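# Structure at a glance
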There are 2 protein chains.
Amino acid sequence: MKLYNEHNPAPNPRRVRIYLAEKGISFPFVHVPMREKAHKSTEFLTKNSLGQVPVLELDDGRMLSESIAICRYLEELHPQPPLFGADPWQRAQVEMWSRRIEFGLMSRLGAVWINTHKYTAHLGTQFKDFGEASRLRAVKALQWLNDELQGREYLANERYSMADIVALTTVDFGTFIGVEMPAELTHLHAWHARVSSRPSAAA
Amino acid sequence: MKLYNEHNPAPNPRRVRIYLAEKGISFPFVHVPMREKAHKSTEFLTKNSLGQVPVLELDDGRMLSESIAICRYLEELHPQPPLFGADPWQRAQVEMWSRRIEFGLMSRLGAVWINTHKYTAHLGTQFKDFGEASRLRAVKALQWLNDELQGREYLANERYSMADIVALTTVDFGTFIGVEMPAELTHLHAWHARVSSRPSAAA
């Protein structure tokens, strides 16, 4: 297997890298230089018609995209330690928390990134008002997350999981684009320090 | 178990209803009247702090939200017929396709709904320009989906799955809000007719 990847602050490829580090799995990475629009090339579109990384290529040439789909597939091949939960209820919790982060926080950060950031200004029309409203909603989502983390070590099942990987890569992406965790969100900061102290966070 | 649900055109509760119909599972539904903001009441927020339906309540009082998390949980309790795939690769394909629909199409339709529709005008500021741009992107996503469906009966694994449920509820939501399938997208129309002919589609 090999992974088409861009080693940048984008949250989706980093999810897979952290997941691999936690599992102790390694296989070749193929660098896809997104600044040169390599992910939109005719050749890359045959791997993923949406022109996105990461993409996992199996040894027989089959292609799999979407970061969570890739990690779920690897989880079935390498079940230990379980990062998607160890029983049906735990697995449901990991899924619920991952989705809450993606739809409640990441979607807003993505809107800020696309509509307000100087790095994306060349990609098309920016809807600045919508982007700024999304910034406020993203901060509200961070406040919600802080409340949920009160008294909790990790997001789901009292153990580190894919949900924490999704949240860590999302929160760090927020910091990268200028939506930082407010200082008073102490539960969020404590959780962030906890998951960031794991060696996998460097991935 | 019981399901807190709103029987309206919203795609997320309908996903669960179709899933249950396909599985032949039934348990009580608790109607949550969203027009009366019952999903934002203090009492409901104890069930889901995000104030969203559906929510599954277990017999011991545990709560699970997020439609896909609910269906995944039920899939583990009722594995036949498999709607999330029958082996690791199939499961990865169902996940990939579900996510492609959610992030590529549903996110755009949601932006149209929230930012342009008369029914949502009272909920807060509408960013009309962004909403109209999202409409164009939603139509492009429908065109992409049409291309992908060429030569295919179903989205993933050549059999009906959760990915089709996600796509059906999303496409039908688009029609409800005025983003209809262009007539020339014949593969999409054929797929839509196929999945709509199943009794579960009435759910």
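Residues numbered from 1 in each chain as written. Chains lettered and ligands numbered in written order. Predicted model: local features only at pLDDT ≥ 70, side-chain atom pairs only at ≥ 80, totals over all residues. Heavy atoms only, no water.

Below, the discussion takes up the interface of chain A and chain B. Contact with chain A, which involves 34 residues of that partner, is made by 35 residues of chain B. Both faces considered, chain A and chain B share a buried interface measuring about 3300 Å² in area, 62% of it formed by carbon and sulfur atoms. Of all residues in chain A, Trp89, Arg99 and Phe127 of chain A bury the most surface against chain B, accounting for 20% of the area lost on that side. For the interface between chain A and chain B, the tally reads eight salt bridges. With a closest N to O distance of 3.0 Å, glutamate 95 of chain A and arginine 72 of chain B form a salt bridge. Counting across the interface, chain A meets chain B through 14 residue pairs in polar contact (both at pLDDT 80 or more). The set of elements that each furnish at least two residues to the side of chain A that touches chain B consists of strand 4 (63-65), helix 3 (67-77), helix 4 (88-116) and helix 5 (128-149) of chain A. The element that contributes the greatest number of residues to the side of chain A that touches chain B is helix 4 of chain A, accounting for 12 residues. Residues belonging to the side of chain A that touches chain B are distributed by class as follows: 16 nonpolar, five polar and 13 charged. (Contact = heavy atoms within 4.5 Å. Buried area = accessible area lost by both parts, 1.4 Å probe. Salt bridge = Lys/Arg side-chain N within 4 Å of Asp/Glu carboxyl O. Polar contact = N/O pair within 3.5 Å; in protein donor to acceptor, adjacent residues only side chain to side chain. Helix = DSSP H or I, 4+ residues; strand = E, 2+ residues; numbered from the N terminus. Nonpolar A, V, L, I, M, F, W, Y, C, P; charged D, E, K, R; others polar.)

This paragraph deals with the pairing of strand 1 (residues 2-5) of chain A. Each regular strand displays side chains that alternate between the two surfaces of the sheet. Residue and element names in this part refer to chain A. Here strand 1 pairs with strand 3 (residues 55-57) via three bridges, running antiparallel. Bridge pairing in strand 3 places lysine 2 opposite glutamate 57. Bridge count between strand 1 and strand 2 (residues 29-31): three bridges; the pairing is parallel. Residue tyrosine 4 lies in a different strand from strand 2, and its bridge partner there is valine 30. (Pairing = 2+ DSSP bridges.)

Our focus in this paragraph is the environment of glutamine 150 of chain B. Here glutamine 150 of chain B lies in the loop between helix 5 (128-149) and helix 6 (162-177). A sequence separation of 125 residues divides glutamine 150 of chain B from isoleucine 25 of chain B, and the C-alpha atoms of the two residues are 32 Å apart.

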